[in-house]
Amino acid sequence: MFKTLLADFRIIFERDPAARNWLEVITCYPGLHALVFHRIAHSLYSLRLPFLPRLISHIGRFLTGIEIHPGAVIGQGVFIDHGMGVVIGETAIIGDYCLIYQGVTLGGTGKESGKRHPTLGDNVVIGGGAKVLGNINIGDNVRIGAGSVVLRDVPSSCTVVGIPGRIVYRSGVKVHPLEHGSLPDSEARVIRALVDRIDTLEQQLESLQGQLSKSVLVKSHVESSLSHLDHSSQDREIQVFLDGSGI
């Protein structure tokens, strides 16, 4: 366990530019404190001891604002940044060197028994406020955008955003975990496509209105011409009648 805690400690300096020195990290990083509490509680939970693991977990939650069930399995080098509001369920499994931000939930979708929480691969980044729910598998090197809700399996080396979560990027190249701020904006692309489509439809409508106006003018001109011809024809018939009757 000491080796795992050491990896948890060292990863903070790699992933948090605000980490200045070891004393600051040990005393002022609730994510590290929550992992220390969890690793102790998980060890006792593995021994099937009653009550005490949950009590330690509850104390850790009270002190850090991070709730991790003692049954959750968490790999080494995991960094919970800021951490307030993070909830990790009983059967959740988190791989090595994952990065989890505040407000993240690794939860279930109901009261089913057995495995009911997510399984995360290695080097997964979950943005603030994201929810990963149910017994699903998240592959290695996956990035989940802030505020996303993931309800289905995600292959390795993908980027997921939105509600519900959609895969918007696939790549076999490992990405840097701190590049979560450069996620593609799929909603903006969809809105842009809709705006372009509306512009096209408006142009087509204007063209049809112009053609319709021309058709109305032509029809009006034709009707006027026909009316004039009818009047002229009637006048000629009357004149012929008058001439023939000698009036």
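Presented here is an overview of the structure given in this document. (Residues numbered from 1 in each chain as written. Predicted model: local features only at pLDDT ≥ 70, side-chain atom pairs only at ≥ 80, totals over all residues. Heavy atoms only, no water.)

**Thoughts on the sheet that holds strand β2 (residues 73-74)**
Short version of the rule: The rule for pairing is simple: two strands pair if DSSP sees at least two bridges between them. Secondary structure elements are defined from DSSP: runs of H or I of at least 4 residues count as helices, runs of E of at least 2 residues count as strands, and each element is numbered from the N terminus.
Ordered by their spatial adjacency, four strands build an open sheet running β2-β5-β8-β11, and the pairing between neighbours is parallel. Whereas interior strands pair on both sides, the edge strands pair on one side only; in this sheet they are β2 and β11 (137-138). Examined bridge by bridge, β2 and strand β5 (residues 93-94) share two bridges and lie parallel to one another. If you follow Val73 over to β5, its bridge partner there is Ile93.

**Concerning unusual backbone geometry**
Trans peptide bonds make up the majority, and among non-glycine residues the majority have a negative phi. Cis geometry marks the peptide bond from Ile163 to Pro164; its omega dihedral reads -10 degrees. Note on placement: Pro164 falls in the loop between β14 (158-161) and β15 (166-170). For Tyr97, which is not glycine, the phi dihedral falls at a positive 60 degrees. Assignment of secondary structure puts Tyr97 in the loop between β5 and β6 (99-100).

**Comments concerning the sheet that holds strand β4 (residues 87-88)**
Spatially, the five strands line up as an open sheet ordered β1-β4-β7-β10-β13, and their pairing is parallel. Edge positions in the open sheet fall to β1 (67-68) and β13 (149-150), since each of these has one partner strand only. Bridge count for β1 against β4 is two bridges, and the pairing is parallel. The residue bridging Glu67 from the neighbouring strand is Val87, located in β4.

**Quick notes on the packing of helix α1 (residues 2-15) against helix α3 (residues 30-46)**
The description of two packed helices rests on the angle between their axes and on the distance between the axes. This is how it is decided: Note on definitions: angles span 0 to 180 degrees between N-to-C directions of axes, and those axes are lines fitted to C-alpha atoms, for helices only across the stretch in contact. Relative orientations are named as follows: roughly parallel for angles under 35 degrees, roughly antiparallel for angles over 145 degrees, roughly perpendicular for angles from 65 to 115 degrees, and oblique for any other angle. Contacts were defined at the residue level, with two residues in contact if any of their heavy atoms lie within 4.5 Å. The classification used treats Ala, Val, Leu, Ile, Met, Phe, Trp, Tyr, Cys and Pro as nonpolar, Asp, Glu, Lys and Arg as charged, and all other residues, Gly among them, as polar.
Interaxial distance between α1 and α3 falls to 11 Å at its minimum, and their mutual angle equals 170 degrees. Judged on the interaxial angle alone, α3 and α1 are roughly antiparallel. Along the contact surface, α1 presents Thr4, Leu5, Asp8, Phe9 and Ile12, while α3 presents Leu32, Leu35, Val36 and Arg39. Partitioning the contact of α1 with α3 into residue classes produces six nonpolar, one polar and two charged.

**Some points on the packing of aromatic side chains**
As a reminder of what qualifies: Two aromatic rings from Phe, Tyr or Trp, using only the six-membered ring of Trp, form a pair when their centres are within 6.5 Å; if the ring planes differ by under 30 degrees the pair is stacked, by over 60 it is edge-to-face, and anything between is tilted. Relative accessible area decides the class of each residue, using a 1.4 Å probe on protein chains only: under 20% of the type maximum gives buried, over 50% gives exposed, and in between gives partly exposed.
All chains considered together, the criterion is met by one aromatic pair. Look at Phe9 and Phe13: their rings are 5.4 Å apart centre to centre, the planes differ by 75 degrees, and that puts the pair in the edge-to-face class. In this pair, Phe9 and Phe13 are both assigned in helix α1, four residues apart and thus about one turn of the helix distant. The class of Phe9 is buried, set by a relative accessible area of 18%.

**Focus: the packing of α3 against helix α4 (residues 52-64)**
Running from N to C, α3 and α4 cross one another at 175 degrees; their axes reach a closest spacing of 8 Å. Considering their axes alone, α3 and α4 lie roughly antiparallel with respect to each other. Where α3 abuts α4, its residues Pro30, His33, Ala34, Phe37, Ile40, Ala41, Leu44 and Tyr45 lie against Leu52, Pro53, Ile56, Ser57, Ile59, Gly60, Leu63 and Thr64. Class assignment for the residues of the contact of α3 with α4 results in 12 nonpolar, four polar and no charged.

**Focus: α1**
Selection rule: A helix is expected to span 1.5 Å for every residue after the first.
A rise of 1.5 Å per residue sets the reference length of α1, with its 14 residues, at 20 Å; its end C-alpha atoms lie 20 Å apart and thus fit the reference within 8%. Where α1 is concerned, the buried positions are Thr4, Ala7, Asp8, Phe9, Ile11, Ile12 and Arg15. Looking at the buried positions of α1, the neighbouring elements they touch are α2 (22-28), α3, β3 (79-80) and β6.

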